[in-house]
Amino acid sequence: QTCALPIYSWDFGNRTAVADRFMYLPNLGFCMVLGCFLEYAMRTTKEKLRSISLVIGLLIITLMVFYAAQTIKLIGIWRNSVALWTHVLTIYPDNIIALKNRAVAYVEEGQLDKAIDDYNQLLQMRPRDYKNYVNRGVAHSKLRNYEKALADFQTALSISPREYGAYFKIGRAH
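### Some points on the packing of aromatic side chains
Next, step 1: What the rule picks out here adds up to one aromatic pair.
Next, step 2: Arranged with centres 5.8 Å apart and planes meeting at 55 degrees, the rings of Phe66 and Tyr67 form a pair that is tilted.

### Concerning the confidence of the model for the protein chain
Next, step 1: When the pLDDT values of the protein chain are averaged, the result is 81; 82% of them are 70 or greater.
Next, step 2: Averaged pLDDT values over the elements of the protein chain bottom out at 44 in strand E1 (residues 9–12) and peak at 96 in helix H5 (residues 112–125).
Next, step 3: Every residue in residues 1–18 scores below 50 in pLDDT, and together they form 41 contacts with partners more than four places removed in sequence or on other chains.

### Regarding the environment of Lys114
Next, step 1: Note that Lys114 resides in helix H5.
Next, step 2: Between the alpha carbons of Lys114 and Ala103 there is a distance of 7.3 Å; along the sequence they are eleven residues apart.

### Observations concerning the packing of helix H6 (residues 130–142) against helix H7 (residues 146–159)
Next, step 1: Their axes nearest at 8 Å, the elements H6 and H7 cross at an angle of 165 degrees. Our classification of the angle between H6 and H7 gives roughly antiparallel. In this structure, H6 crosses over H7, and the sense of that crossing is left-handed. In this structure, H6 uses Tyr130, Tyr133, Val134, Arg136, Gly137, Val138, His140 and Ser141 to contact H7, whose residues at the interface are Tyr146, Lys148, Ala149, Asp152, Phe153, Thr155, Ala156 and Ile159.
Next, step 2: Considering only residue class, the contact of H6 with H7 consists of nine nonpolar, four polar and three charged.

### Quick word on H5
Helical periodicity: at 3.6 residues per turn, an α-helix aligns residues three or four positions apart in one direction.
Next, step 1: Across its 14 residues, H5 extends 20 Å between first and last C-alpha, which sits within 8% of the 20 Å expected from 1.5 Å per residue.
Next, step 2: What H5 keeps buried is the set Leu112, Ala115, Ile116, Asp118, Tyr119, Leu122 and Leu123. Buried residues in H5, looked at end-on, bunch into an arc of 160 degrees, giving them a common side. Summarising the geometry of H5, the exposed residues directed more than 90 degrees from the buried face are Asp113 and Gln124.

What counts and how
- Residues numbered from 1 in each chain as written.
- Predicted model: local features only at pLDDT ≥ 70, side-chain atom pairs only at ≥ 80, totals over all residues.
- Heavy atoms only, no water.
- Phe/Tyr/Trp six-rings, centres within 6.5 Å; stacked < 30°, edge-to-face > 60°.
- pLDDT = per-residue confidence, 0-100.
- Helix = DSSP H or I, 4+ residues; strand = E, 2+ residues; numbered from the N terminus.
- Contact = heavy atoms within 4.5 Å.
- Axes fitted to C-alpha atoms, helices over the stretch in contact; angles between N-to-C directions.
- Parallel < 35°, antiparallel > 145°, perpendicular 65-115°, else oblique.
- Left-handed = near helix turned anticlockwise from the far one by under 90°.
- Nonpolar A, V, L, I, M, F, W, Y, C, P; charged D, E, K, R; others polar.
- Expected span 1.5 Å × (residues − 1).
- Buried < 20%, exposed > 50% of the residue type's maximum accessible area, 1.4 Å probe, protein only.
- Arc of directions from axis to C-beta.

Here it is as structure tokens:
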């Protein structure tokens, strides 16, 4: 939802890297080259070069205003992890990484019911991903829904018997 000249996102199936935040650094070199050219053009006495430097100067100012406006627009999206990942999910609704990261952010913020909803969605998309069972079980444990937590940990172990963290979490849930 923002303009970025070289890239906005790379789409690798379900692994999408939303890259608007990566645009500042690549544009730094471009702006430095333009600035060096502008300084050179201002030092020369030729009238033609001065008019070109004026146009480039206006272009730089326009780009700076545009990027400032985009940054102000995106501040609301970048205010916290839940807002960021929710925004990504509005653009890419089936993005598993964004959904998983939002679930983790919900857990960190104590919004455990919303985290469980996200883990339920993840498990519908990938029912054999044992880590989502473990993470949902942790959320259930924090809500003191120990029976559901134990069921999730047991399911994770049935998928991946070497998931030693699940054994530890079962012990804590008892």
